[in-house]
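So the chains spell out like this:
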Amino acid sequence: MNRRGARPGGAAERLLGAAPGEGHFAIGLCFPNTYRVGMANLGLQVVAGLLAALPGCRCERLFLPADGGGRPRPAVEPRSVESGRPLSRFDLICFSAPFEADYLHIVEMVRAAGLAVRAADRPAWPLLLAGSTGVSLNPEPLAPFFDALFLGEAEAALPEVVARLRALHATTADREVIGRELADLPGLYLPAGYIGETRAGRFAGLTPRPAFPARVARQWLRDLTPYPTHSRYLPADSVFGDMFLLETSRGCPRQCRFCTAGYADNPPRHHPVARLLAEAEAALPFTRRVGLVAPSPGDHPDFLALVEGLVARGATVSPSSIRIDHLTPEVVDVLVRSGNRSLTLAPEGGSEWLRRVVSKGFDEGQILAAADTLANAGIDRVKLYLMVGLPGERDADVEAMAALVAAVRERFLPHWQRAGHAGAITVSLNQLIPKPHTPFQWAPLEPFAQVAAKVATLRGRLARLGNVELDCEGETTVAVEAILARGDRRAADLLEAAAAAGGRWRKVLPAWLAATGIDLHAPLEVGAPLPWDHVEAGVVSPYLAREAHRASLGKASSPCPPGLVGCHKCGVC
Ligand code: SF4
């Protein structure tokens, strides 16, 4: 653990583990955002380690170029961190694309490299491959740009895919031959093998050409034990600084109905606690900061023992989130001892009704008890995550949201007064963006005028309280994410137009909506073809429809049973 590399701009980063291979097959691993953002992504770091270890390969990282002040420079060709090699000079270009918001940068980076953006307009090499969460949920908005898209967890099959590509690179530049040779690989979706159809402005299906499977199965690891998943680099200049990121679990047993982690990433699996402690121990000579990464870290069966063990070894521990019903006095005490001065509460729904609609699994009493626990422990800054635009939401729910924030604030006031300084409550209000492979995948995106009226009401109520701030996203950001989450191949036209317009979405969005006839706010019909029907995520559609129906009745559902014993209800296990 002693090799240092350079990043654009010159600040150091520490490489943990083996140095990358020096093989001939050159892989450019791209993250469609700046180094500062990309290096805070554990998925990218893990894939970098996987690819760097493959025989005969050299893997180098590339990011969206930025100027000295960190502002993106999308017209500049990306060059690799390791050697400064330009993007266009790699044999295989792999994009890790976890977030829809970054898809625009993929188009910008490929354009800036002087490559044709559409796969059909490029020669066979360099071949463009993409993977990660967003791609695995619904690859269609990116499908026209890529030769291949990998669905699922990279460790499960990506090495096999890259080995096949390396062999093909040595023998052929015929796109047809390459397509045929790749068609049987697990988890690999080849867009050129499918024809998308629309009828009367609506997606009407995706037909496979002969020899291509009707559905491609998401790949996932049955057992995480042999796969330590942690930072490969400690970068000085990333969003999380030199924090050592340590994955504790994948999937989520809670299955909140808006969240993909409880459906498309399931079944829930956990890394063994003894190995997690050993991984962190090896990194502690270089950083004291450990970030625990999971959809719900507190659902790890040994969570408290893990955090206690890390603190005993001198680490400061930051979990990526903590469910309200996990905020016991013991857990909060150890988090405070490990340096946390602000924590997040995520009720999501402001009323009991909405919390049952999303199947949150806790009530107002538990939310206020958690607020008490935080206040008693000396936490004086809290972030509250709430959602708007949920199915079945009524005006009374907005009032309930304001009342909940006021009640949480009441719990903190005496502590702020005793401490002699005011703390702060930040309310982060997010509009529901329905995501594929969740029970809300058919739900409408609430019209923006209705959302704006609710936000105005909430803002008015909260303005009467001191030390409470309200953050919400703009409607263009929401509209774009909604289109890219549930869109078909027509969304690629929008991405290209936005890239040509210098990222000014507002300039191109109305024309694209008019040309496609897409109604952003219409619900999708249960049973009608969906752009992601060919992705076999594991959770079966009838289960999602049943959960959507229970949501409409305001009925919560039970989480995965402990140890997942005897349960087959969603179809994954
Ligand atoms: S089959 Fe049961 S235990 Fe397995 S992920 Fe689905 S709900 Fe959870």
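Residues numbered from 1 in each chain as written. Predicted model: local features only at pLDDT ≥ 70, side-chain atom pairs only at ≥ 80, totals over all residues. Heavy atoms only, no water.

Colleague: Just to check I follow, could you spell out a nonpolar patch on the surface for this structure?
Modeller: Residues V37, V239 and F240 make up a contiguous nonpolar surface patch of roughly 220 Å² in combined accessible area. Relative to the helices and strands, V239 resides in the loop between β12 (233-235) and β13 (244-247). By relative accessible area, V239 is classed as partly exposed at 43%. (Patch = residues over 30% accessible without salt bridge, like charges linked within 9 Å, V, L, I, M, F, W, Y side chains within 5 Å. Areas by Shrake-Rupley, 256 points an atom, 1.4 Å probe, with all protein chains shown as cover. Salt bridge = Lys/Arg side-chain N within 4 Å of Asp/Glu carboxyl O. Helix = DSSP H or I, 4+ residues; strand = E, 2+ residues; numbered from the N terminus. Buried < 20%, exposed > 50% of the residue type's maximum accessible area, 1.4 Å probe, protein only.)

Colleague: Explain the pattern of salt bridges here, please?
Modeller: When charged atoms on two side chains of opposite charge get close, those side chains can pair. Tallying each qualifying case throughout the model produces 37 salt bridges. The partner of R489 in a salt bridge is E140, and the shortest N-O contact between them spans 2.7 Å. Highlighted residues: R489 in the loop between α14 (475-486) and α15 (491-500) and E140 in the loop between α4 (133-137) and β7 (148-150), separated in sequence by 349 residues. For E140, a relative accessible area of 0% corresponds to the buried category. Salt bridges sharing partners connect three or more residues here, namely E153, E155, E247, R250 and R269.

Colleague: Can you walk me through the packing of helix α8 (residues 303-312) against helix α9 (residues 329-337) in this structure?
Modeller: Packed helix pairs are specified by the crossing angle of their axes together with the interaxial distance, meaning the distance between the axes. The interhelical angle for the contact between α8 and α9, taken along N-to-C directions, is 25°, at an axis separation of 10 Å. For the element pair α8 / α9, the angle class is roughly parallel. For the pair α8 and α9, the crossing hand works out as left-handed. Of the residues in α9, those touching α8 at F303, L304, V307, E308 and V311 are E330, V331, V334, L335 and R337. Split by residue class, the contact of α8 with α9 holds 7 nonpolar, no polar and 3 charged. (Axes fitted to C-alpha atoms, helices over the stretch in contact; angles between N-to-C directions. Parallel < 35°, antiparallel > 145°, perpendicular 65-115°, else oblique. Left-handed = near helix turned anticlockwise from the far one by under 90°. Contact = heavy atoms within 4.5 Å. Nonpolar A, V, L, I, M, F, W, Y, C, P; charged D, E, K, R; others polar.)

Colleague: Quick question: what am I supposed to make of the confidence of the model for the protein chain here?
Modeller: Parts of the model with low pLDDT should not have their predicted coordinates read in detail. For the protein chain, the mean per-residue pLDDT works out to 95, and 98% of the residues sit at or above 70. Ignoring residues within four places in sequence, the model shows residues 1-6, a span with pLDDT below 50, making 22 contacts including any to other chains. (pLDDT = per-residue confidence, 0-100.)

Colleague: Would you explain helix α13 (residues 448-463) in this entry?
Modeller: An α-helical turn contains 3.6 residues, so a residue and the one three or four places further along point in the same direction. A rise of 1.5 Å per residue sets the reference length of α13, with its 16 residues, at 22 Å; its end C-alpha atoms lie 22 Å apart and thus fit the reference within 8%. For α13, the full list of buried residues reads F448, V451, K454, V455, L458 and L462. Buried residues of α13 fall within an arc of 120° about the axis and therefore sit on the same side. The exposed set on the far side of α13, more than 90 degrees from its buried face, consists of A449 and A463. Packed against the buried residues of α13 are β19 (381-388), α12 (395-419), β20 (424-431), β21 (468-472) and α14. (Expected span 1.5 Å × (residues − 1). Arc of directions from axis to C-beta.)

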